[in-house]
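# An overview of the molecular structure
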Amino acid sequence: GAGVSQSPSNKVTEKGKDVELRCDPISGHTALYWYRQRLGQGLEFLIYFQGNSAPDKSGLPSDRFSAERTGESVSTLTIQRTQQEDSAVYLCASSLDGTRDTQYFGPGTRLTVL
Amino acid sequence: AQSVTQLGSHVSVSEGALVLLRCNYSSSVPPYLFWYVQYPNQGLQLLLKYTSAATLVKGINGFEAEFKKSETSFHLTKPSAHMSDAAEYFCAVTEYGQNFVFGPGTRLSVLP
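This report concerns the structure included in the present document.

Cut-off values and rules
Residues numbered from 1 in each chain as written. Chains lettered and ligands numbered in written order. Predicted model: local features only at pLDDT ≥ 70, side-chain atom pairs only at ≥ 80, totals over all residues. Heavy atoms only, no water. Contact = heavy atoms within 4.5 Å. Buried area = accessible area lost by both parts, 1.4 Å probe. Salt bridge = Lys/Arg side-chain N within 4 Å of Asp/Glu carboxyl O. Polar contact = N/O pair within 3.5 Å; in protein donor to acceptor, adjacent residues only side chain to side chain. Helix = DSSP H or I, 4+ residues; strand = E, 2+ residues; numbered from the N terminus. Buried < 20%, exposed > 50% of the residue type's maximum accessible area, 1.4 Å probe, protein only. Core = buried A, V, L, I, M, F, W, Y, C linked by side-chain atoms within 4.5 Å.

### Details of the interface of chain A and chain B
Across the contact, 17 residues belong to chain A and 19 residues belong to chain B. Here chain A and chain B share an interface that buries about 1,600 Å² over both sides, 55% of which is from carbon and sulfur atoms. In this assembly, chain A and chain B are joined by one salt bridge. Across the pair A:Asp101 and B:Lys49 runs a salt bridge, and its minimum N-O distance is 4.0 Å. Seen at the junction of chain A and chain B, the total is three residue pairs in polar contact (both at pLDDT 80 or more). Put simply, the parts of the chain that give the side of chain A that touches chain B at least two residues each are strand 4 (31-37) and strand 5 (43-50) of chain A.

Next comes the structure, spelled out in structure tokens:
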């Protein structure tokens, strides 16, 4: 079956613009995660959804970042008023039940803020 | 709260040599532990995971890891490195009901 997909694969935007990043999890996976990976660095946790609720938003770096999820399906990560330090690869992962289950990662969206 | 450390941000080995990538964790309850690999220009994929069954876990591509509770370690090994093993390796830990915490990663280079 299909894996986790993300769109767009690349996004170049100007400083101050808003961007929306989309994640389609594996069908049937109840948990969904967003991470940020800056160049040459590890994964930085942003937010975790169980169904369409977000029990852990502790990783969102500022109030410019928000995310939502429709049911147990698509999630959108929105970054408002983008800054150059937001440039990174944004990774989405999904897992079957979100407790200790294996996370399956999408290919990521590479965001460049000019 | 759980945490993960990976000793050595960059490890170089010769082709055919032993690969040893270190991971230590802290967790207040028995954890689940994972190793993920990220090949150049590719997404992360699972290498192996420990879920409180056998302490020696075998994964893909000849890798294995041993859970040692007394040392709070989950080091990744492979007896003989191959050029195709060059990648970034991430250790991760999770507890029941908690989010995954990833280590900072170790970049493995394999020299001919």
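### Side note on the pattern of salt bridges
Residue and element names in this part refer to chain A. Scanning the entire structure with this criterion turns up eight salt bridges over all chains. Between Asp 24 and Arg 22 there is a salt bridge, and its shortest N-O distance comes to 2.8 Å. Classification of Asp 24 as partly exposed rests on a relative accessible area of 23%. Owing to a relative accessible area of 38%, Arg 22 belongs among the partly exposed residues under this scheme. Beyond isolated ion pairs, a larger network of salt bridges with shared partners links Arg 36, Arg 38 and Glu 44.

### Examining the nonpolar core
All names here are of chain B. Ranked by internal contacts, the top residues of the largest apolar core, which has 27 residues, are Trp 35, Leu 48, Phe 74, Leu 76 and Tyr 89. Among the elements of the structure, strand 2 (10-14), strand 3 (19-21), strand 5 (32-38), strand 6 (44-50), strand 8 (64-68), strand 9 (73-78), strand 10 (87-94) and strand 12 (106-111) are those that each provide at least two residues to this core. Counting residues per element, this core draws most heavily on strand 10, at four residues. Setting aside residues up to four positions removed in sequence, Tyr 89 forms contacts with Gln 6, Leu 21, Trp 35, Tyr 36, Val 37, Leu 47, Phe 63, Leu 76, Gly 105, Thr 106 and Leu 108.

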